Amino acid sequence: MRALSNIVLSCLERDRLESELSEARTRGRNLSRLRHLTPPELAALDQRERTAHARLRDHDAEHGCQR
């Protein structure tokens, strides 16, 4: 039973991380449509997306619950 709860928890965590990545991508896309972004803003948005992607990739590697 414990193994099943770990799978469910890690899948919930994966869902959260997927949502975080999606939000980072959407935010960057929407902001760039609204106005010209400065290089520091672009760098911050890019870093946020790369971090979210890395966290999702690390989670998949650790828990093996990728879809």
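It should be emphasised that the depicted structure is a prediction, and the values quoted were computed from it without experimental measurement.

Participant: Even after reading the chapter, I still don't get the overall build of the protein chain, so can you show me in this structure?
Facilitator: In terms of regular secondary structure, the protein chain is built from two helices and zero strands. Split into buried and exposed, the 67 residues of the protein chain put 21% on the buried side. Taking contacts inside the protein chain between residues at least 6 apart in sequence as the whole, the part at least 24 apart equals 77%. A total accessible area of about 5,100 Å² is found for the protein chain, and carbon and sulfur atoms account for 55% of it.

Participant: Help me understand the pattern of salt bridges, please; the structure alone is not making it clear to me.
Facilitator: Pairing is possible between side chains that carry opposite charge, provided their charged atoms lie close to one another. The tally for this structure, following the rule as stated, stands at nine salt bridges. Put simply, Glu49 and Arg25 hold a salt bridge, and the shortest N to O gap is 3.1 Å. With Glu49 in helix α2 (residues 39-63) and Arg25 in helix α1 (residues 2-34), the pair connects residues that are 24 residues apart, well separated along the chain. A relative accessible area of 29% places Glu49 in the partly exposed class.

Participant: Which parts of the structure should I look at to understand the side chain of Asp60?
Facilitator: Locating Asp60 in the fold gives a position in helix α2. What makes Asp60 buried here is its relative accessible area of 10%. A polar contact is formed between the side chain of Asp60 and the side chain of Arg14, at a distance of 2.6 Å.

Participant: Can you help me understand the environment of Ser32 in this one?
Facilitator: Checked against the element boundaries, Ser32 lands in helix α1. Look at Ser32 and you get partly exposed, because its relative accessible area is 43%. The spacing of Ser32 and Leu42 is ten residues in sequence and 8.7 Å in space, taken between C-alpha atoms. A distance of 2.9 Å separates the side chain of Ser32 from the backbone oxygen of Arg29, its partner in a polar contact.

How each quantity is defined
- Residues numbered from 1 in each chain as written.
- Predicted model: local features only at pLDDT ≥ 70, side-chain atom pairs only at ≥ 80, totals over all residues.
- Heavy atoms only, no water.
- Helix = DSSP H or I, 4+ residues; strand = E, 2+ residues; numbered from the N terminus.
- Buried < 20%, exposed > 50% of the residue type's maximum accessible area, 1.4 Å probe, protein only.
- Contact = heavy atoms within 4.5 Å.
- Areas by Shrake-Rupley, 256 points an atom, 1.4 Å probe, with all protein chains shown as cover.
- Salt bridge = Lys/Arg side-chain N within 4 Å of Asp/Glu carboxyl O.
- Polar contact = N/O pair within 3.5 Å; in protein donor to acceptor, adjacent residues only side chain to side chain.

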